[in-house]
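Analysis of the macromolecular model
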Amino acid sequence: MNKRLIYWGIILLVFLHGCTSKTIEDKEAQANNDSIKKYLDLAGNDSITYDKRIKYNDKAYSLIDLNRNDTLTRYNLYYAGINYCNLLQFKKLEESANILFILSFKSKNQLSIANSYKLKGLNYMFKSKNDQAIESFYKSKKIFLKLNSTKQLIALNKDIAQVQLYSSDFLGSNKTLFENFKLIKIFNKNINFDLYRNYSTIASNFSYLKDYKNSIKYENEGLKYVNNNLRFVNISYCGIADSYIQLKEYDKAQYYIDLILENPKSKIVNPQNFYKAKSMNGYLKLVQNKISGLPNLFFEAENYYSKNDHDNGQNYNQINLSKYYEKINDTINAIKAANKAVSISKSYNNPSDILITLEQLIKVDKKNASTNAKEYIRINDSLQISERNFRDKFARIAYETDKISQEKETAIKQKWIIVTIAGVIIVIIVLLLIITRQRSKQKELQLQQSQQKANEEIYHLMLTQKAKEDEARQTEKKRIARELHDGIMNKLSSTRLNLAILSKKTDTETIQKCLTYINQINQIETDIRNISHDLNQDVFQEEDSFGIMIEDFVNEQNTTSKTHYELELDNDIDWNAISSEIKMHLYRIIQEASHNINKYGQAKKASISIVLDAPNICMAITDNGIGFDTSVISNGIGIQNMQARVKLLNGKFSISSTKHATTSVNIAIPIK
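Report follows, based on the coordinates. (Residues numbered from 1 in each chain as written. Predicted model: local features only at pLDDT ≥ 70, side-chain atom pairs only at ≥ 80, totals over all residues. Heavy atoms only, no water.)

Notes on the pattern of salt bridges
Within this structure, the stated rule accounts for 14 salt bridges. Where Glu 326 meets Lys 363, a salt bridge forms, and the shortest distance between an N and an O atom there is 3.9 Å. Residue Glu 326 is found in helix H16 (residues 314-327), and its partner Lys 363 is found in helix H18 (residues 351-364); the two are separated by 37 residues along the sequence. Measuring nitrogen to oxygen at the nearest pair gives 2.8 Å for the salt bridge that ties Glu 375 to Arg 378. Highlighted residues: Glu 375 and Arg 378, both in helix H19 (residues 369-499), separated by 3 residues, approximately one helical turn. When its relative accessible area of 21% is taken as the criterion, Glu 375 is described as partly exposed. Here the salt bridges share partners, and the residues they tie into one network are Lys 118, Asp 159 and Arg 197. (Salt bridge = Lys/Arg side-chain N within 4 Å of Asp/Glu carboxyl O. Helix = DSSP H or I, 4+ residues; strand = E, 2+ residues; numbered from the N terminus. Buried < 20%, exposed > 50% of the residue type's maximum accessible area, 1.4 Å probe, protein only.)

Some thoughts on a nonpolar patch on the surface
Taken together, the side chains of Ile 426, Val 427, Val 430, Leu 431, Ile 434 and Ile 435 present a nonpolar region at the surface, about 510 Å² in accessible area. Its location among the elements puts Ile 435 in helix H19. (Patch = residues over 30% accessible without salt bridge, like charges linked within 9 Å, V, L, I, M, F, W, Y side chains within 5 Å. Areas by Shrake-Rupley, 256 points an atom, 1.4 Å probe, with all protein chains shown as cover.)

Looking at the pairing of strand E1 (residues 564-569)
Two elements, E1 and strand E2 (residues 605-613), share 6 bridges in a ladder whose sense is parallel. Paired with Tyr 565 across the strands is Ala 606, a residue of E2. Regarding topology, helix H22 (residues 580-601) serves as the crossover connection from E1 to the parallel E2, and that connection is left-handed. (Pairing = 2+ DSSP bridges. Right-handed = clockwise from strand over helix to strand, strands pointing away.)

Comments concerning the environment of Val 269
Its place among the elements puts Val 269 in helix H13 (residues 266-269). A residue is classified by how much of its surface remains accessible, and Val 269, at 6% relative accessible area, is buried. The sequence separation of Val 269 and Ile 48 amounts to 221 residues, and the corresponding C-alpha distance is 6.4 Å. Residues in contact with Val 269, not counting those within four places in the same chain, are Asp 46, Tyr 50, Arg 53, Leu 230 and Arg 231. (Contact = heavy atoms within 4.5 Å.)

Below you can see the structure in the form of structure tokens.
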């Protein structure tokens, strides 16, 4: 017996230890994931210094457990790769892309596979392997299309357009971006960054096409969506300054360069763009013969590029340096700088940049001008062939992707057709069952009715008579209550509020003004007398009397209340053709709503609008007061009376309100 107890005790301890260990592991994993997310968010924060962002992303990347292959691990790996791309850390981008690629295909998760193809494409793009980049991007796009991932498609189309730009297909790139606007409009969620990227790349395309005015236009359009993000603001300022340089409007170019250089945060947030602006500032001085401080500006930029292993912009800095040496007749250094510019351009295989740098080399190296000119012609010819081949390949891949999209749409249509047909068949079957059952019940009821017909008819007549009496009595009570509340009570309340001023002021002017309110008591007496005689008598029989009454009421409110009322009456409404019942209820609703505005709304302005929208007459009463919470059901008799009046006329009633903003009462009443 004791042995058994010991045995089961050991098993229980082992089980409890296993559960405890599992719980501790889960908690540790959750804490680790929270840390990764925190560091990834910091790395993506453009307001933090560039160096710190790299450190934060490295920290997040080091915390990712690459031995796990779950959704969260792949998600973190993807966003670490995106951050490395934005931070121009291309070696780490390649590393994260390769790891994500392996993990994604092992997991067979389609979203992860699409993300891995995108990272691969970004890696190829920054290596100037444009053919491989476009293939990877379109493999990613096919999956995103199948998954209907609109947000991811928007970002991916921008990357595709960037590859087209790098391949000198500037018109094709703009076509992709303008089509991307359609997706952005459909998605319409957190789209500012996507809009900026679209406009900025369109501006770059126009710059390469030497349409500098349109380039400036689209850079400025993009600036509307950067939300004061200094990194993107400065990138656009550089683009605008470059266009003005090409247009030889140097003062305008200098203005935008100064905006970058004079901001102490520019160097911290985006150092690469800052030193690009430094180099451009040096060129502006050079073209305007202000060579003091040169070539130090170019040397500062070159020092940054060399230390940080950044090629993007270094070739143009060397061109500027070559032009400086050319200016001071230092041919040796001019050739040296031009050769370095060509070498940098060739290192990342950008034909357009190679041609630009060769132009400067041909200009300064007279001795080898013929050889360099032949090289220029060869590269230019190969560039045209490459551009044509790229466009053909792009068109083929795009066609295949569009075909998938069309197949998906066709499949969706077929699915809906099948679902619709199945739904119709089910509805028909259900209806047949209901009809059959109803007929069976009807036969049973008919048999019962035939047996008790006499007694039921007598009993029914008694109930009907009693119900009509009760309904008539109750209806009359409600009607009298509404008339008293909406008419008499509102006027009495208004008069009381206006006469209350006598407790504070007793001067002659105030007393004289209050006499008009005392005279209103005569009107209240008349209303009470009318109600006592016949509440249903027509008080709106005279021609145009209703419109005049409403105008008088609004004028009275503007005189006696702090709220300014505006009235809009549709001239197309023939009030003589509108029943007295409708006019009476409209008038009472206006009274009640105005009373609520004056008493509770604290509004400065209110508007009453009555328009004809055949076959309905519509009224809207709106104020800019303090509003109230419409989710809390009000038990006030005023709102209930308004609803009851509209219901009696078979109309529709709605009330909407925003706290500290507006309140609006809307009704629609059929007039036929």
